[in-house]
Amino acid sequence: MTKLQTLIKNLGPGLLFASTAIGTSHLVLSTKAGAQYGWVMVIPIILANVLKYPFFEFGIRYTNVTNKSLIEGYLNRGKRYLWLYAGITLVTTFTILATLYVVTAGLFINLFHIPEVPLSTVALGLFIFIGSLLIIGRYKLLEGSLKFVVALLFIALLVTTSSVLFNGKTPIDPNFVAPDIFNEVGILFLIGLVGWMPTAVEASSWISLWSIEKYKTENKKPSLSEALQEFNLGYLLTAVLAIFFLIIGWMTLYGTGTQISGNAVAFADQLVSLFTTNIGAWTYIFIATAAFATMFSTCMTAHDALARVSIDILKLLFPKLMPTNKKKYYVWGIVLLVLINYIVITAFSANMGQLVAMATFVSFVLAPVIGYMNLKNVMSEDLPATFRPKSGLKALTYAGIIFLSLFAAYYCWMVVF
């Protein structure tokens, strides 16, 4: 078997990670970064992807070597670590998944021109459809379908980006004044971009659990180098697509004087409309499909991951209450997430922005802590010395922890004062 065939066969956790990451951080934040601040925002995008890389890589490394999830590793380091991660997951469960489904429902309404259908109704339909797919097909269907979805997304974005570059930069308004990146508004946007690029650090445990499921499904485990190759491909894909979205925003919207909506659903609708106006009506199907595929795949992976993570945490914290059938727990996990997040959408729709802001705050501020916890896992006695990170990767990890800690401290200072 050639190296390429081996890589394709091992596609799984890295692919699912790419699908999770290419959500609002790419569709909304990367595009807005280019649209509001221009090409210079490629610097923080690349910086975030490079400095966060070790945190996610450790999810593959730890699980491949130990056959345990990162979450089990947290428990091995001490129960307080597991309780901390459980708290973060709880906040995410009640906010981020609901937000992802709301944005996806908005894109669905836009794609099929059905503005008369309530957003909550479409969201419920997506909850039921995706939940059913996950319950029936489980990991194998998730992985198989995402190979198609991510390929479709990449092709649609490649066509759109090529069209944008071919048509050239949209003329800049003579009265346009470039916004300041280093004022309060710019810094807050930068913090949000870096915090969610490529995705939240707590998703490192999601990759870990997908790896375990991949090994169980195929009854075979790749070598560490093969597992890392597959993950690196997915990680590189997320970085490249972030730059694609940045280019699209910069080439079509930057300097045009267009008022960019702060609402994710409204912005996605605005995005599709502006692209078709600037590039041509023929591109509508590519842009709308790319946007919807982006969010649909993110909903699938996030829904699956949160169910798995919640089960893993509960089994470790309360082993006597959850002793046996994990398949049954997975079904209940998927269903409960549907119910909880649909209630959040219907009951707190007016306050969704505040709920997401709270989740962003918790996730962003604790990101360096999770990064440190992941480092403790891979440097522990759980791994033989030969499989632990080398000095270069450790140095990059410490650089990422310091970088995110400084950003988190500044973010807290801005929020408090």
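Going by the structure above, here's the rest.
Figured I'd write up the structure that's included with this text.

Rules and cut-offs
Residues numbered from 1 in each chain as written. Predicted model: local features only at pLDDT ≥ 70, side-chain atom pairs only at ≥ 80, totals over all residues. Heavy atoms only, no water. Helix = DSSP H or I, 4+ residues; strand = E, 2+ residues; numbered from the N terminus. Rg over C-alpha atoms; globule rule 2.2 N^0.38 Å. Buried < 20%, exposed > 50% of the residue type's maximum accessible area, 1.4 Å probe, protein only. Areas by Shrake-Rupley, 256 points an atom, 1.4 Å probe, with all protein chains shown as cover. Lys, Arg positive; Asp, Glu negative; His and termini not counted. Charge placed at Lys NZ, Arg CZ, Asp CG, Glu CD. Axes fitted to C-alpha atoms, helices over the stretch in contact; angles between N-to-C directions. Parallel < 35°, antiparallel > 145°, perpendicular 65-115°, else oblique. Left-handed = near helix turned anticlockwise from the far one by under 90°. Contact = heavy atoms within 4.5 Å. Polar contact = N/O pair within 3.5 Å; in protein donor to acceptor, adjacent residues only side chain to side chain.

This part takes up the overall build of the protein chain. Helix and strand content of the protein chain: 17 helices and zero strands. Taking 22 Å as the expected radius of gyration for a compact globule of 417 residues, we find that the protein chain reaches 21 Å, a close match to that expectation. If one aligns the C-alpha atoms of the protein chain with their principal axes, the spans along those axes are about 65 × 55 × 45 Å. When the 417 residues of the protein chain are sorted by exposure, 56% land in the buried category. About 17800 Å² of surface is accessible on the protein chain, with carbon and sulfur atoms providing 70% of the total. Put simply, the protein chain has 27 plus and 17 minus side-chain charges, and the middle of one group is 11 Å from the middle of the other.

It is worth spelling out the packing of helix H2 (residues 13–21) against helix H13 (residues 284–317) at this point. Packing of H2 against H13 brings their axes to within 7 Å, and their N-to-C directions diverge by 120 degrees. The orientation of H2 with respect to H13, classified from their angle, is oblique. Crossing handedness for the pair H2 and H13: left-handed. Along the contact surface, H2 presents Leu16, Ser19 and Thr20, while H13 presents Ser297, Thr298 and Thr301.

Now for the side chain of Asn64. Following the sequence through the fold, Asn64 ends up in helix H4 (residues 42–66). Here Leu224 takes part through its backbone nitrogen, which lies 3.3 Å from a polar atom of the side chain of Asn64. Leave out the neighbours within four places in its chain, and Asn64 touches Tyr215, Lys221, Pro222, Ser223, Leu224 and Ala227.

Honestly, it's all geometry; don't read function into it.
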